[in-house]
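Each chain is listed here by its residues.
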Amino acid sequence: MNFLELAETFARMEKTTSRLELTDHLVSILKKTPIDIIDKIVYLIQGKLGPDYESSELGIADKLIIKSLSLVSGRPITEIQNRYSDIGDLGEVAHNILTNKIQTTLIHQLLTIENVFDTLLKIANISGTGSLDVKLRYIVSLLNNSSNLEAKFIVKLILGNLRLGIANFSLLDAMALTFTGDKKNRRILERAYNVYSDLGKIALILSKGSIEDIQSISISLFIPIRPMLAERVSNPSEALEKIDGDALAEFKIDGERIQIHKKEKKIELFTRSLENVTSNFPDILTAFNKIETKDLIVEGEVVAINPANNKYLPFQALMRRRRKYDIQEITAAYPVILNLFDLLYYNGIDKTHIPLLQRRKLLVKIFGTQKITDKIKLIDQIKVSRIEEIENYTEKALKNGCEGVMIKNPSSQYRAGAREWAWMKLKKEYSGEVTDSVDLVVVGALHGKGRRVGKYGALLLASYDAEKDVFCTICKVGTGFTDNVLLDITDKLNKHIIKHKHPRVELGNTKMDTWFEPKIVLEIISPEITLSPVYTTAINRMKPGYGLALRFPKFTGKIREDKSAEDATTVKEIFAIYKGQLK
DNA sequence: CGTACCTGCGCC
DNA sequence: ATTCCGC
DNA sequence: GCGGAATGCGCAGGTACG
Ligand SMILES: Nc1ncnc2c1ncn2[C@@H]1O[C@H](COP(=O)(O)O)[C@@H](O)[C@H]1O
């Protein structure tokens with residue numbers, strides 16, 4: 001199958017935002033696709049080369065695409081960058097600058113889907129000295145052998161950013177329609193996908209077999225299950241309303257979610273996005289080896305602890321564990337514990353369909369009675385039925401270094417991949433009372449991409465250092481803007497553009513597209529302040545070489561027209577908030 | 001051999 | 001992670 | 001409400017480069 005056919009369909013899809021129409025286009029692609037490459041085309045549309053838990057990465061993103069486009073077109077990098085800033089999509093840039101290629105290149109053999117897929121596979125699998133050059137050469141050869149239309153979508157596929165408004169669920173709809181003629185079967189496909197997240201394989205099975213084959217896909221050990229997710233509630237009563245009778249409450253721990261698969265001595269660990277992280281946690285493996293079971297799949301949150309007092313450490317500490325080398329040393333330096341909160345599979349049986357309360361009972365049976373190491377514990381869980389009980393438990397969670405609680409429906413099944421009201425996250429922050437907002441000055445910006453073209457995508461913010469009369473960077477913010485407000489802010493900022501960073505701005509290690517005079521002040525909220533190796537607010541005050549940054553910053557929607565830059569929240573105030581949070 | 005840049009992936 | 005938008 | 005696509009911070013690893 002020629003890649004051009006795919007590209008032409010994509011081009012048609014760009015003209016609509018209707019999901020029904022988009023799905024129909026996908027159906028037309030899938031119908032045309034020979035069965036033996038159905039998996040490849042599905043992976044390509046997903047912007048991947050295989051499922052998350054086994055495929056390798058391309059190692060190609062914006063910068064390297066810019067370089068390849070420069071090589072192919074013979075134009076300077078800066079020109080490509082400028083066009084990128086203007087158009088906001090590198091595929092579009094390729095389309096524009098490679099326009100005259102069709103005429104200049106003599107009749108070339110049309111690229112096939114296999115050509116593209118296999119080349120990308122090669123790019124993903126090469127490494128070592130000189131590999132970047134080789135990767136670039138592969139991309140260049142793909143682009144040289146394609147029309148500008150094909151080039152556009154090759155670039156988008158490499159970047160995993162089709163921006164057509166289709167993703168996994170549209171693919172599921174399309175697969176249901178293509179192979180069974182009935183979109184209702186999408187639910188069946190979705191169920192299978194949630195326990196076997198390999199859409200390419202699912203497409204293969206379905207196209208060669210029938211919907212019954214998909215129905216018979218079940219949870220298997222060592223194939224990660226898409227994790228159940230939580231909806232957000234802003235207060236305890238909202239949570240209680242969603243549940244008949246008593247609810248269950250647990251701390252919401254700031255760590256990393258791990259799904260553990262075990263069968264006899266074999267153990268594997270998966271992250272929330274289904275990456276295999278078994279090698280990162282030898283200590284967890286050792287602990288699990290002591291658990292006497294035939295098999296199981298359980299889930300929990302790992303978190304770094306201070307071994308002296310067993311207190312939870314900040315997320316940053318845990319991140320030190322994500323490494324490939326010197327695992328022994330880092331394991332000793334950053335001990336963790338695993339807080340188990342669910343059980344999905346036990347003794348050869350899928351347990352996701354029994355109520356949470358019963359799953360918990362099983363967890364207690366397995367982990368509560370055995371002498372396990374201090375590495376693994378069952379997460380504390382209480383029954384709650386009144387608002388005050390939840391409030392108290394939230395307070396307790398905060399005292400323990402958590403940012404809120406999870407409220408769970410005791411009679412709920414484990415619904416893989418679903419974000420539903422069976423699990424609810426409640427953070428103090430959502431109530432809007434506790435977290436102070438801060439007012440920060442915009443000192444720089446990045447150009448927006450995709451739907452944000454022509455506006456700024458992210459704004460560099462700074463606090464005010466009253467002693468030195470300078471502005472210290474603290475974070476970028478890119479969320480919380482409605483399209484209109486962002487347009488408005490972009491206009492306002494454009495009146496203050498300057499050539500270089502303003503002399504009164506203390507810049508750390510941050511690259512921006514545009515600089516402004518410090519004038520516009522925005523109201524920002526953020527649940528937490530972290531130590532930062534790149535921002536300059538309160539630099540060296542806590543730790544040499546480190547300043548402070550906001551985690552999860554968001555714009556509240558309020559432009560503080562009433563404030564001048566010097567009225568922004570000061571470094572001193574930020575530092576005080578940080579200090580307060582350490583307690 | 002150290003640093004800079006880029007990429008991928010964790011995230012209450 | 002959070003947020004916004006079109007369907 | 002769903003699905004999709006914008007955007008945040010920090011860390012480690014890989015490669016290029018001086
Ligand atoms: N007790 C808990 N139960 C379930 N998830 C938890 C718990 N504590 C922390 N988490 C994490 O919170 C995440 C859901 O929050 P969010 O990603 O904000 O929707 C889960 O994926 C877990 O990693």
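Overview of the structure. Note that the structure is a prediction, hence the values are computed from the model and not measured.

This next bit is on the site of the ligand. Around the ligand sit 14 residues in total, of which E250, K252, R272, E301 and K425 are the nearest. Here an oxygen atom of the ligand and a side-chain polar atom of R419 are 3.4 Å apart. In the model, an oxygen atom of the ligand is placed 2.6 Å from a nitrogen or oxygen of the K425 side chain. Bound to the protein, the ligand loses 90% of the 490 Å² it would expose on its own. Of all elements in the fold, only β2 (247-252), β11 (404-408) and β12 (419-427) reach the threshold of two or more residues within the shell around the ligand. Its residues assigned to classes, the shell around the ligand shows 6 nonpolar, no polar and 8 charged.

Opposite charge on two side chains allows them to pair when their charged atoms are near. Enumeration according to the criterion identifies 36 salt bridges in this entry. Between R415 and E420 there is a salt bridge, and its shortest N-O distance comes to 2.7 Å. The exposure class assigned to R415 is partly exposed, which follows from its relative accessible area of 39%. On the basis of relative accessible area, E420 is assigned to the partly exposed category, the value being 24%. Two residues, E566 and R504, come together in a salt bridge whose shortest N-O distance is 2.9 Å. With a gap of 62 residues between them, E566 in the loop between β22 (554-559) and α23 (571-582) and R504 in the loop between β16 (497-498) and β17 (505-506) connect regions that are remote in the sequence. The network of salt bridges with common partners includes D439, E523, K558, R560, D562 and K563.

Right, let's talk about the sheet that holds β12 for a bit. Judged by pairing direction, the sheet is mixed, and its 5 strands sit side by side in the order β1-β12-β11-β2-β10 without closing on themselves. The open sheet is flanked by β1 (229-233) and β10 (382-384), the only strands paired with a single partner. Strand after strand, the sheet turns through a mean of 40° between neighbouring axes, direction not considered. In this sheet, β11 lies alongside β2 in antiparallel orientation, the contact comprising 5 bridges. In the strand pairing of β11, E250 is matched with M406. The strands touched by helix α20 (residues 387-399) within the sheet are β2, β10, β11 and β12, with β11 carrying the most contacts at an inclination of about 135°.

What follows is about the packing of helix α11 (residues 168-180) against helix α12 (residues 186-195). Two numbers describe how α11 lies on α12: the axes approach to 8 Å, and their chain directions differ by 130°. Classified by the angle their axes make, α11 and α12 are oblique. The handedness of the crossing between α11 and α12 comes out as right-handed. Of the residues in α12, those in contact with N168, F169, L172, D173, M175 and A176 of α11 are R186, L189, E190 and Y193. Grouping the amino acids of the contact of α11 with α12 by side-chain chemistry returns 6 nonpolar, 1 polar and 3 charged.

Thresholds, definitions, all that
- Residues numbered from 1 in each chain as written.
- Chains lettered and ligands numbered in written order.
- Predicted model: local features only at pLDDT ≥ 70, side-chain atom pairs only at ≥ 80, totals over all residues.
- Heavy atoms only, no water.
- Near = heavy atom within 4 Å.
- Polar contact = N/O pair within 3.5 Å; in protein donor to acceptor, adjacent residues only side chain to side chain.
- Areas by Shrake-Rupley, 256 points an atom, 1.4 Å probe, with all protein chains shown as cover.
- Helix = DSSP H or I, 4+ residues; strand = E, 2+ residues; numbered from the N terminus.
- Nonpolar A, V, L, I, M, F, W, Y, C, P; charged D, E, K, R; others polar.
- Salt bridge = Lys/Arg side-chain N within 4 Å of Asp/Glu carboxyl O.
- Buried < 20%, exposed > 50% of the residue type's maximum accessible area, 1.4 Å probe, protein only.
- Pairing = 2+ DSSP bridges.
- Axes fitted to C-alpha atoms, helices over the stretch in contact; angles between N-to-C directions.
- Contact = heavy atoms within 4.5 Å.
- Parallel < 35°, antiparallel > 145°, perpendicular 65-115°, else oblique.
- Left-handed = near helix turned anticlockwise from the far one by under 90°.

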